[in-house]
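Here are the chains, one letter per residue:
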Amino acid sequence: MLKKITSKQLLVGMYIQKLGSSWMEHSFWRKRFLLDDANDIQRVIESGITEVWIDTTKGRDLPRDSALATTPNDTEEVQIAEAALQAAPTAKVATEAVRIGTEQEIHAKEITRAAKICAQGKAAVISMFQDIRMGRTVSAKAAEELVDEISASVMRNPGALISLARLKTADDYTYMHSVAVCALMVALARQWEGIDEATTRELGMAGLLHDLGKALTPPEVLNKPGKLTDEEFMLVKQHPAKGHRLLLDSSNVGEIPLDVVLHHHEKMDGTGYPYRLRGDEISLYARMGAVCDVYDAITSNRPYKTGWDPGQSIRKMAEWCPSHFDDKVFKAFVKSLGIYPIGSLVQLASGRLAVVVEQTEQSLVVPKVKVFFSTSANGYILPEVIDLSRPRQKEKIVSCASAEAWGLKNIDQFLVL
Ligand SMILES: [Fe+2]
Ligand SMILES: [Fe+2]
């Protein structure tokens, strides 16, 4: 059935039959196509196209509660939908719709706020790096407000900022990595019993500043798209000491950031750097820094390797306990991210693969997921969001899955709700 919808109602999986006005005015080269890329939705909207015709026999339909669509001939379908709504036990349906609508609205708002904070964070770290490269001293004061905003976002919804900060490009890796480690430190500190608000803020600051010494690493080494030579690696290994020195010279930097900056590459078995400290010689705060730092590094895409998904990364890091990480800190970290962190690939009881798109504190084991792949058909299917926490939901997670094993690339594209 052909259906006219607004371009803002477009969803991945819909089959576009016709854009509202003439095709020739737009840069889309295909006359009809299955919308399989969320970026195309943005392109349609940005092109100024307000109406779109979709074919619901070839692709996904609007969700049942969207009543704005019209068929080409008349408004029969809208009338049927309205009649059905009137016949339904309205109070219950309406309450549920309002609940889902409100939850989605709050989540969408937090994502928008988080995206803004990420952009501000990136700009602030870039400016700190520039100051250092030009020989100016760093003012941590300027970063305080940013740490407060990151903390507030993490408190409201840890998943929003953490999952956004993970999606970085090769170019902005170093800067976004600092923002991501700041958010992860705040989430971990909240999970740790006995850490007060002031210390949480200091830990966030430590995450933001932990790699500041890299501003003094030659950019060609820092951004080298490949394996470093021994000599280059020696240069990189100097960044904790260089960062520590820089912060000692600037005012207003607390003991915790100083400690984390200097010791976040130490390992529990004494094989880390710069001082090969072991066990209790490494402070709790530096151990926290080590876990957050490695998690963000291995989940991020780099020019020479695709990042692991969050679930796979957690499993890998568990293997590196207790030689690399403190067991207790790592367990608290996993708790702070949730059992299935946003972006994890999971297999459902039906055999479908899905990516975790949203998680709330009430639903650690039953997050919202987006199914997109059938293991029995070994192929992509129309993406669909399933809230596993809904009552009478039969679908459930049976295991984590490996994107590599199924030959899947760029599963992050399904993160867009
Ligand atoms: Fe580092
Ligand atoms: Fe780092």
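Up top you'll find the structure we're talking about.
In this text the structure is predicted, and so the values were computed from the model without any measurement. (Residues numbered from 1 in each chain as written. Chains lettered and ligands numbered in written order. Predicted model: local features only at pLDDT ≥ 70, side-chain atom pairs only at ≥ 80, totals over all residues. Heavy atoms only, no water.)

Is there a simple way to explain the sheet that holds strand S2 (residues 15-19) in this structure?
Read from one edge to the other, the open sheet built from four strands follows the order S1-S4-S2-S3, with strand pairing classed as antiparallel. Among the strands making up the open sheet, the edge pair consists of strand S1 (2-6) and strand S3 (33-34). In the sheet, S2 pairs with S3 via two bridges, with the strands oriented antiparallel. Counted as the bridge partner of Tyr15 is Leu34 from S3. (Pairing = 2+ DSSP bridges. Helix = DSSP H or I, 4+ residues; strand = E, 2+ residues; numbered from the N terminus.)

So what exactly am I meant to see when it comes to the coordination of the iron ion (ligand 2) here?
Working reference: metal with six octahedral donors, ideal angles 90 or 180 degrees; metal with four tetrahedral donors, ideal angle 109.5 degrees. At the metal site, the iron ion (ligand 2) is ligated by His177 (NE2), His210 (NE2), Asp211 (OD) and Asp293 (OD), and these contacts range over 2.1 to 2.3 Å. In this structure, the iron ion (ligand 2) is coordinated by four donor atoms arranged in irregular fashion, with angles at the metal of 79 to 175 degrees. Counting along the primary sequence, the residues that act as donors to the iron ion (ligand 2) give the motif H-x32-H-D-x81-D. Here the iron ion (ligand 1) and the iron ion (ligand 2) are spaced 3.4 Å from one another, each receiving a donor from Asp211. Residue His177 is found in helix H6 (residues 173-191), and its partner Asp293 is found in helix H12 (residues 284-299); the two are separated by 116 residues along the sequence. (Donors = N, O, S within 2.8 Å, 3.2 Å for Na, K, Ca; no water. Tetrahedral: all angles 85-135°; square planar, octahedral: opposite > 155°, others 65-115°.)

Just to check I follow, could you spell out the pattern of salt bridges for this structure?
Two side chains of opposite charge can pair, provided their charged atoms sit close to one another. Within the structure shown, the criterion is met by 12 salt bridges. Two residues, Arg245 and Asp249, come together in a salt bridge whose shortest N-O distance is 3.3 Å. One end of the pair, Arg245, and the other, Asp249, are both in helix H10 (residues 239-249), four residues apart, so they sit about a helical turn from each other. By relative accessible area, which is 49% here, Arg245 ends up partly exposed. The exposure class assigned to Asp249 is partly exposed, which follows from its relative accessible area of 48%. Note that Arg287 and Asp280 form a salt bridge whose closest N and O atoms lie 3.4 Å from each other. (Salt bridge = Lys/Arg side-chain N within 4 Å of Asp/Glu carboxyl O. Buried < 20%, exposed > 50% of the residue type's maximum accessible area, 1.4 Å probe, protein only.)

Got a minute to help me understand the pairing of strand S5 (residues 345-348) in this structure?
Side-chain positions along a regular strand alternate between the two faces of the sheet. One ladder, built from three bridges, connects S5 with strand S6 (residues 352-358); its direction is antiparallel. Along S6, the bridge assignment pairs Leu345 with Val355. With three bridges joining them, S5 and strand S9 (residues 397-400) adopt antiparallel strand pairing. Residue pairing in the sheet places Val346 in a bridge with Cys400 of S9.

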